[in-house]
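# Topology and contacts: notes
Residues per chain, in single letters:
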Amino acid sequence: MTSLEPFTTMLDLEAGAIEPERKLTERRLGDLDGLFLEPVPAERAGEPAYTVSEIPAPVSGSNLLSSTTVLQPGRVGREFHMTKGHYHEVRDRAEIYVTLAGEGRLVMGTEDGRHQVEPMRRGTVNYVAGRWAHRSVNVGGEPLIFYAVYVADAGYDYGTIEEEGFPVVVLAGDSGPEVVPNPRYRK
Ligand code: PAN
Ligand code: ZN
């Protein structure tokens, strides 16, 4: 068993920044090519999409990892900016998302084809149950910022979502965001 000494980190509740910053992952729109219904235009490949700033802990089923995600607003075609989305590699590992700013939708799906979409806005606490793949979608005009806490050995399975997608996608409609069946969903 890997245990830690107690420690404290500052989280900027407005900007999501973690102080001191330890592990920052940056994703650009080009990293998401193939996940949107439309290809990411070559001239937009370098556009920042989101950052994930993690509070590290040794990988084990008894430690907790946490991170803030800052997801920039925008669209590719009619589809809102989103994270790659993943199942946890250890399928039954759950997670909690606390939204600090912005407006989003948390799109979730199971391996047997069910889906659920939950709101994200300042103050929402989304419980992502084990075995549910999850993707955050920024449907607003400001960065969507949320703090996530998860079992440290959860891991990431991105490949299944890259191959199959989620059962639904979130598109900009005439009167706001619309959740519609994913025409490219492959089960
Ligand atoms: C989150 C996500 C983060 C970025 O910390 O990893 O929002 O999304 P992708 O990992 O799908 O690119 C989380 O769900 N961790 O388990
Ligand atoms: Zn996760």
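Going by the structure above, here's the rest.
Now for a description of the structure that goes with this document. (Residues numbered from 1 in each chain as written. Chains lettered and ligands numbered in written order. Predicted model: local features only at pLDDT ≥ 70, side-chain atom pairs only at ≥ 80, totals over all residues. Heavy atoms only, no water.)

Quick look at the overall build of the protein now. Check the secondary structure of the protein and you find 1 helix and 15 strands. Over its C-alpha atoms the protein spans a radius of gyration of 16 Å, differing by no more than 12% from the 16 Å that the globule rule assigns to 187 residues. Buried positions account for 44% of the 187 residues belonging to the protein. Across the protein, the centroid of the 19 positively charged side chains sits 3 Å from that of the 28 negatively charged ones. (Helix = DSSP H or I, 4+ residues; strand = E, 2+ residues; numbered from the N terminus. Rg over C-alpha atoms; globule rule 2.2 N^0.38 Å. Buried < 20%, exposed > 50% of the residue type's maximum accessible area, 1.4 Å probe, protein only. Lys, Arg positive; Asp, Glu negative; His and termini not counted. Charge placed at Lys NZ, Arg CZ, Asp CG, Glu CD.)

Here the focus is the packing of aromatic side chains. For any pair of aromatic rings, the description rests on two quantities: the centre-to-centre distance and the angle between the ring planes. What the rule picks out here adds up to 2 aromatic pairs. With a centroid separation of 5.6 Å and 5 degrees between ring planes, the pair formed by Y156 and Y158 is classed as stacked. Its relative accessible area of 35% is what places Y156 among the partly exposed residues. A relative accessible area of 23% places Y158 in the partly exposed class. When the ring centre of Y158 is taken as reference, the NZ or CZ atom of R27 above it lies at 5.9 Å. Cation over ring: K84 sits above Y158, and NZ or CZ is 5.2 Å from the ring centre. (Phe/Tyr/Trp six-rings, centres within 6.5 Å; stacked < 30°, edge-to-face > 60°. Lys NZ or Arg CZ within 6 Å of the ring centre and 35° of its normal.)

In the region of ligand 1, 16 residues are neighbours, and Y50, T69, G85, Y97 and Y158 sit closest. Side-chain polar atom of T69 to an oxygen atom of ligand 1: 2.7 Å apart, as the coordinates give it. A distance of 3.1 Å is found between an oxygen atom of ligand 1 and a side-chain nitrogen or oxygen belonging to H88. Contact with the protein chains hides 98% of the accessible area of ligand 1, taken as 390 Å² for the molecule alone. For the shell around ligand 1, the elements supplying multiple residues, two or more each, are β4 (48–55), β5 (64–71), β8 (95–101) and β13 (144–151). (Near = heavy atom within 4 Å. Polar contact = N/O pair within 3.5 Å; in protein donor to acceptor, adjacent residues only side chain to side chain. Areas by Shrake-Rupley, 256 points an atom, 1.4 Å probe, with all protein chains shown as cover.)

Below, the discussion takes up the sheet that holds strand β10 (residues 115–121). Taken together, the 3 strands give an open sheet; going across it, the order is β10-β9-β12, and neighbouring strands pair in antiparallel fashion. Both outer strands of the open sheet, β10 and β12 (133–138), are each paired with one neighbouring strand and no more. For this sheet the average axis-to-axis angle between neighbouring strands, irrespective of direction, equals 20 degrees. Bridge count for strand β9 (residues 103–109) against β12 is 6 bridges, and the pairing is antiparallel. Considered in β12, the bridge of R105 is made with V137. (Pairing = 2+ DSSP bridges. Axes fitted to C-alpha atoms, helices over the stretch in contact; angles between N-to-C directions.)

Donor atoms from the polypeptide that coordinate the zinc ion (ligand 2) comprise H86 (NE2), H88 (NE2), E95 (OE) and H134 (NE2), at 2.1 to 2.3 Å from the metal. Its 6 donor atoms give the zinc ion (ligand 2) angles of 76 to 178 degrees at the centre, a pattern that matches the octahedral case. Between the donor residues of the zinc ion (ligand 2), the gaps in sequence give the motif H-x1-H-x6-E-x38-H. The class of H88 is buried, set by a relative accessible area of 3%. (Donors = N, O, S within 2.8 Å, 3.2 Å for Na, K, Ca; no water. Tetrahedral: all angles 85-135°; square planar, octahedral: opposite > 155°, others 65-115°.)

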